Structure formats: C-alpha cells, structure tokens
Amino acid sequence: MSALAKSLPRITIRLAGQTDFDGWRKAARALAMREIPADQVGWVVSGAASADLFDGGDPCPDAVPNGGTAFTVPRSFMEAAEAVICHSDPERFSLLYRILLRLRREPDLLKIASDTDVRRLEAMAKAVRRDIHKMRAFVRFRRIGSGAEERHVAWFEPQHFIVERNAPFFVRRFTGMRWTILTPCASADWDGERLAIGPGAARADAPAEDDAEALWRTYFSSIFNPARLKVKAMQAEMPKKYWRNLPEASLIPDLIRGAEDKARDMIQKLPTEPAPHHARVKARHWPEPDVEPGSDDEGANARTIPELRAAAEGCRRCPLWSDATQTVFGEGPENAIVVFVGEQPGDQEDIAGKPFVGPAGKMLDAVVVEAEVDRSEVYVTNGVKHFKFEPRGKRRIHAKPNAGEVKACRWWLDRELAILKPSLAVALGATAAQSLLGKTVPITKMRGQVVEREDGLRVFLTIHPSYILRIRESADKEAERGRFLADMKAVKRLMAA
Amino acid sequence: MTVLTLREKLAILSDAAKYDASCASSGAAKRNSLKSGGIGSTESTGICHSYAPDGRCISLLKILLTNFCVYDCSYCINRSSSNVRRARFTVDEVVKLTLDFYKRNYIEGLFLSSGVIRSPDDTMGEMVEIARRLRIEYRFAGYIHLKTIPECSQELVEKAGLYADRLSINVELPTDEGVKKLAPEKRPETIRVSMARLRSKIDEKSEPTLRTKTRERFAPGGQSTQMIIGADATPDATILKTSSRLYASYHLRRVYYSAFSPIPDSSAALPLMKPPLMREHRLYQADWLMRFYGFGESEILSARPDGMLDLAIDPKLSWALSNRAMFPLDVNRADREALLRVPGLGTKVVKRILETRKHRRLRLEDVGRLCQSIAKVRPFIVAEGWSPGGLTDSANLQAKVAPEPRQLSLF
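Here the residue numbers are simple positions, counted from 1 along each chain's written sequence. The lettering of chains begins at A and the numbering of ligands begins at 1, in the order of writing. Confidence filtering applies because this is a predicted model: local features only for residues at pLDDT of at least 70, side-chain atom pairs given and counted only at 80 or more, and all residues used for totals across whole chains, interfaces and linings.

1. Description of the domain arrangement of chain A
Often, the extent of an interface is quoted as the loss of accessible area upon association of its parts. All names here are of chain A. The condition that has to hold: Here the bounds of each domain stem from an automatic or database domain assignment. Throughout, a residue-residue contact means that the two C-beta atoms, derived from backbone geometry, are no farther apart than 7 Å. Three categories are distinguished: nonpolar for Ala, Val, Leu, Ile, Met, Phe, Trp, Tyr, Cys and Pro, charged for Asp, Glu, Lys and Arg, and polar for the others, with Gly belonging to the last.
Considered domain by domain, chain A is made up of domain 1 (2-131), domain 2 (139-205), domain 3 (212-268) and domain 4 (305-496). At the interface, eight residues of domain 1 touch seven residues of domain 2. Considered class by class, the residues forming the side of domain 1 that touches domain 2 number three nonpolar, four polar and one charged.

2. Concerning the domain arrangement of chain B
As assigned here, chain B comprises domain 1 (6-223) and domain 2 (324-401). Using only C-alpha atoms to locate each centre, domain 1 of chain B and domain 2 of chain B end up separated by 43 Å.

3. A look at the nonpolar core
Formally: The term nonpolar core means buried Ala, Val, Leu, Ile, Met, Phe, Trp, Tyr and Cys residues held together as one set by C-beta atoms within 7 Å. For every residue, the other C-beta atoms within 10 Å of its own C-beta are counted; 20 or more classify it as buried, 12 or fewer as exposed, and values in between as partly exposed. C-beta atoms are placed from the backbone.
Counting 178 residues, the largest nonpolar core has Val84(A), Leu96(A), Ala154(A), Ile181(A), Leu13(B), Leu112(B) and Ala131(B) as its most contacted members. Among residues more than four places away in sequence, those in contact with Leu96(A) are Trp24(A), Ala28(A), Ala81(A) and Val84(A). Val368(A), Val378(A), Phe460(A) and Val491(A) belong to the second largest nonpolar core, which has 51 residues in total.

4. What to know about the sheet that holds strand 9 (residues 378-382) of chain A
All names here are of chain A. Where we set the bar: Strands were regarded as paired on the criterion that DSSP finds at least two bridges between them. Elements are defined by DSSP. Helices are runs of H or I of four residues or more, strands are runs of E of two residues or more, and each kind is numbered from the N terminus. Structural elements are reduced to axes, namely lines fitted to C-alpha atoms, with helices fitted over the stretch in contact, and the angle between N-to-C directions of any two is expressed from 0 to 180 degrees.
What the five strands build is an open sheet, ordered 9-8-12-14-13; its pairing is mixed. Each edge of the open sheet carries a strand with a single partner, namely strand 9 and strand 13 (450-452). For this sheet the average axis-to-axis angle between neighbouring strands, irrespective of direction, equals 25°. As paired strands, strand 8 (residues 338-342) and strand 9 are joined by five bridges and run parallel to one another. Across the sheet, residue Val341 finds its bridge partner in strand 9, namely Thr381.

5. What about unusual backbone geometry?
Residue and element names in this part refer to chain B. The linkage connecting Phe327 with the following residue, Pro328, adopts the cis geometry, with an omega of 0°. Its location among the elements puts Pro328 in the loop between helix 10 (315-321) and strand 9 (329-330). In this structure, Ala219 is a non-glycine residue whose phi angle is positive, near 40°. As for its placement among the helices and strands, Ala219 is situated in the loop between helix 6 (188-206) and strand 7 (223-229).

Structure (structure tokens):
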C-alpha cells in the first residue's frame, strides 16, 4: 500500500477560506479513504498570498473509491480540529490530516498525551482558546450615536482566525446592544437580531474615542496599589501586543514610574491625628458603657433560661469555642418535666445555633413522638455546648469531647438543671452520662437503668440516637431503633411517676 | 462640603476598594441575555478584562458605595479616624457606571462593598437596591458580588442572595484576638454567625423546592471571605488552621489572603513596611494544597517548627523534601493521591498521566512533555527506564530543584 501511495502524484487541496472546516473535512475524508499519506497533500487557501505557489497539483479526489470503508473518528478530535482550523499556522491543515490518518490505526491516539503530534494539536488548540479568551477580555467597544441610533464599535487585532468562532459569545453577552467588531481579517456585526460575518477592516474604520474612557482610565489608575508593583505578572497576562488597543494601557508606564515614590511616601509618612469627625462618630455609635457591664458573664446569678443562655454566649471555660460558630444552648419550656441531655452539637446544630436539629435530632424527635412523650414537657440540651470537630475538606468530622471539656461545661448543665428542676433527666450516650453523673458509666451495660444523683435527680441511661444512624445493616438498625423506642416508652412511664 | 464630580468620586471610592483582594467572577451559574434581550452573561470561567501594574486582574468594577464608616479598624484606609477624602455614590451612579463599563466590555460585573454609615441595614439596603435595579430594571445578567455587612438583617441577606452571584463576609483577621485588637468594634462572634446563616441559606436553596421542583436562585457563586495577613504576628500555621476551619464550617468557595499593605494616613497601631507579597503567595499555594491536593493543614507545616511557610521554595516541594521516604514514586503505578504529592505535578498533569498510562508505559521524556519542568519532578519519580537512584536522598537536593533565590520585585 505504501509503495502505491508514494507513486501517487502530489495533491493540492484548495480551501474556500482560512477557517473552511467543512472543506477540509470533506477533502480529508476522501483522501483518507484512499489512504493518501499526509506528505503527498498540499493545502492552500483561496485568496491567501501563498495560494499560487502550490497550484498545479491534481484536484481533490471527490469520489469514494470502491472498497473504501466508512470510518469514524473520536468526537474529541473533531472538537479539537474545529478549534485548530482557526490557528494562523499554515501547517495546521496538514497536521490535522496526518492525525486523522493515524487515528484510523491508533483509535486511542488522542489519549496519549505524550505523543508529538497530539502535543502539537493540543498546543495549537490551546493557542486558539487563549486568543479567543483574550479577545473576550480585551475587545473595547466605543459608543457612537445615541438613543435608537446607539451603536458600539470595537477594533481588535487577534492572533488567529477566531472572529467567526468567537462572535456567538458577544451575541450571548451583548444581545441588547447593536455592535460591530472590526479586525484586519474579518468583522462581526450584530444588529440586535442577526449576526453577520463580513470582510476585514482597518483601524480607521472604528471610532477614535469614547467619553467613558476617561472614567475607565480613572478607575484603572485608582484600583492599582503602588505598594504591590508586579510588572511581570501583569505582562504575562496582558502582553504588550494588546496594549495599543486598550485605552487604559497608556497609563501603565507612568503608574510604574511613580509607584516607588508613592509606596515610600505611604510608609514614611507619620500617622496623623485622627480625623476631626472621628470623636463625634465614636460618641454616637460606640458610646462607652456607663458602668462596667453588669451582665453576669458566668451565669452564676441567672434566674431564667434566657438569662443563662445569654451568659453562655461568650463562654470561654474551655477552648472549644475558638473553632465553633456559637454556643448551642438548651431549648424547651422552663416547666419541663424531663431534660434530654445529648453529647454535643453537631455540624447542623452549630450552624443553626439550636440543639438536636440535625439527623440525630430528627431521629430523637420521631422516636419521642412515637413513644407519645409530650414535647411540651421536654427540654433538650447537650453536655458540651460547643461543637468539637476536625475539619476535612468541606466537611467537619465530629470529635469526642474530652473529660476536661465535659467537666468545664458541666457548669452550664448544672445551672440549667437548677433552674428547670426536672423530675427526670435522660442521658443520651456516654458523654451525657458522664456530664450528668460526674463519672464515666458503661452505657451499653447500664442502658435502661435509672441512677439517682445525690441531689435526688433521677437519671435515665440510654444510647445517643446518632448510634442508630451509624448502623449500616438495616435489620440491625431497625432492631436498635426498636430498643430505643422501648427506652423512650420507659421514659414516658418515669415522667408520670 | 464641595460637590464632587462623578470622576472624583470614582477615584476615591475605587482607591478605597483596592485592598479587597477578590476580583473573581467565576463560579456563577451559566446564563446569557439571548432570551431577555438585555445585556450580560456569565460562563464557566471568569474573564480578566485588564491587569494593573500590581499584577492583579481587573475583572469587576470594584468600588465602595461610600467610604464614610463608623468603624475604626486600624488596618483600613476608611476607618473613621482616617483623614482620607470621603465620598458617597448614589444608587443611580453605581448602576449607570456598571452598565456603561459593561457595555464597553471593560468588566465582567460589579463588586460592591461599603463603609457602614448610619446603620448596617441602611447601608446594606442601598447595596441590595443597586443589585435589584441592575437585575430587574436593566435586565443585567453580568456578575454581581456583594460584600455583606455582618450586622444587617436576615431579610436583606436573603434579598441580596436573590440578585447577587456571590456574597462575602470578611473575617478581617485570622484570629478573634487579632480582630479585638485591631478592629475593636467588630464582633467575630457576629461574623461567624453571619457566615453560618449564609451557608444554611445557600444549602437550603440548593435543594429543589417541593412545589416547583426547581431551585430558587440564591448566590450561585457561593460565599467567600478575606483575611489580612501580616498586620499582626499570627503565624502561617494558625492562618491555615483558620482557613481549613472556615472551608469546612461554612463551605466557602475561597478564602482570600490580603498581605497588609501600607495605606495613606496609616494608623500608629500597625507595622509600616512593604506588604509581604511572597508570604501571601505561599499561603495561596498552601491553600491550594488543602483544597485540591488532599493535604491536611497540619501536614503542610509539620516540618517547620516556627509555623511559617518557607519563602524560598513552594510548600509542596518543602513538604516533599522533608518526607523523602515516600519517594520515588512510580508514575506507571502510583495512585492519584500519591502522584498529587510529587513536586511539579499539578492536578491536570496527574490526570493526563493516569489517562496516558492506560495506553502506554511512561518514560521520563513522556512525563517531561506533560509537565512544566522535569528537573523538579525527576528526583521524586520512577518511570520506564528511569530511576533517580541516590538523587532522591542526596543532601543538596533542594539546591538542584529549587529556583535560584531572587529578589522580589517590590519596588
């Protein structure tokens, strides 16, 4: 086959324009069917300066020869090819055809990112993408006319043949405007309803100025921070080749020149006296409190739950406050008969500032209702009132509070119980039991039992509802829920006793 | 007071806004004006329409509604005790400026912040009104980022989320102690609760509603925050710890680090020095390691007893040099998590390695074609026909892979 291919005369394909993708595709397909090697094919663009040099070859074989089998190429190749056809490199047609040929034998070629042809394809596609992106960034419209005659016109010099490919972006963005983008090779015009791609233009065809540019230039120089001069970083993203069509770019040399002095001035200038209005603002908005805050930070004198809750807001009795959002205090009626004590707030409780609103809280709610415990007689709280966690990416992993933290927070639970004077407390899990009883208790062993504290408060011991949620096996989960429901029914009986 | 022209106001109120690092216009939901016939669109990535000589991109019209402020945060150019010139835009002026700039393709949208005047609700109310007018009256579909005032009412935050792509609340400084010292009137507790509320609102609205099964629009670009670094003595370890807490707790899209920059008419409470730009850069790199490379915050600085990132080399290389027992890694076998730890291999390169090695075994030169610089990667990998031998453990490895130390171009 290769000997036959080599004997074929050189073929020249004439494309209708620089971005004639359909023309390329049609020709490339026919050539590939005949297995004509890439180096036997020359590609020229009608009207381009170099077109005549390659004239004289055979025209494109347009019929599919007998025995040629239809073939497909990966969609990713077609996508890349549509972009690469916009590149200004005259070799692009040939490269695309060579890869097309190779794809017939190496269908996974494009996945081999280290292949030289694939790398070149990607580099060209990337250059086109970048040029498209920069055009979206650096086109500057100038307004002409007003009212119904208002139009916005821009002059831009892209590196590649991207105007047609990029025009729909400007349509999507500036639908409600009439606009024209002029470039040396092509122009795009949107009249509010229809997009028209036209021939190239000259810079002089675009308006020379726009009143808004004075404001834009003011903005550009004011938003610049002279203490952070990083000229290279600027130029990497906004290469000088674009500057001549950017109204703000002419300010850059002076901004750079003046930056050092400005920054030094700021550093060397001594701080001044406070502004004259400062004292007035301070007196009006931030008056010194008349007396030392009479508020009782530690809650020792609080007589009601709201007073106690307010006192606990700024609690610093252990370091857990520093990572948590807020103190999550107990909630419920002050004449509650039973107090449910959990371990600590979780992620959702920390965010909401309310106890038992997360998955475990919902489970507790459901079971309590099923056990026919009257919610208006229940107060819920936690042994530890700040959320302890380990951050892991976008999640917070619950961490068990240690004995010191439990002890520090007992202060608040003791005061809650002193105000509420319930007839029964329910310890949900080991931490709650430790907090209520002042010592560690084997929960699984003592579950369902009532322990009486020295002060006479009965403490019912059970598991924390989150334990049920962690069981994966659904039968086991159901069984555990059943046991917890039985516990809650026992609580209901104890409440009546 | 003399009446200021629009241009004078713009000069004052953009100068006042430049210390906010964020200019991102990414992360918004895709939308365009084809149906509405208005103007504006947002696509997957943001567009930087210009660059100032400080190397920062200009994507949004970043301005303050006013630089009058009742707070007296010592690091801020707009603090109430500062002698800076004051100005205040009207709602109409901001709307018109945004549209005029947008129509000329200068910007992607608006980033509006403000000093707090009268009350937080008054100020926030005007900011929300600007966003509302742009969206509803002018069918503006460009990007809108509103800096939320932590003390404002929940209703205003909800309205803001309806019109804005992104909302942000600045934590100001990495620690609560820092805020108490340098921004005595700000309450870190309130800031946290505001961020928490924003998160729950964003979570809530991202669920389809029961009735219409569609998602209600609420800040599709999420929330972000900013902290100033170098204004107090907080070490990098504490800063990264704070960031990882913020990402986990409030699901932030970004934490911005803003190197404390000298300001005109600065306060005596602050260091008078050049902004620590390299430190800022290293913090961003470390932040990236936490978010995209699977590094834990404590790992990054585990080998740095002073809790500060190495300014001479990037944090991943620094980590690799002190964890050499893990290397060399075989690029033809190692899993993604491991490959992400190789200095010089970014997320994209790792993806391509994994894809390519399904089809052929990778040689060193193949890896070289995929990444920026093979010199940095070479000592840490094994490839077909390549083993670094003693190179991985050689004493002067840092000198071989690290770039020549160079003076930062500050001035």
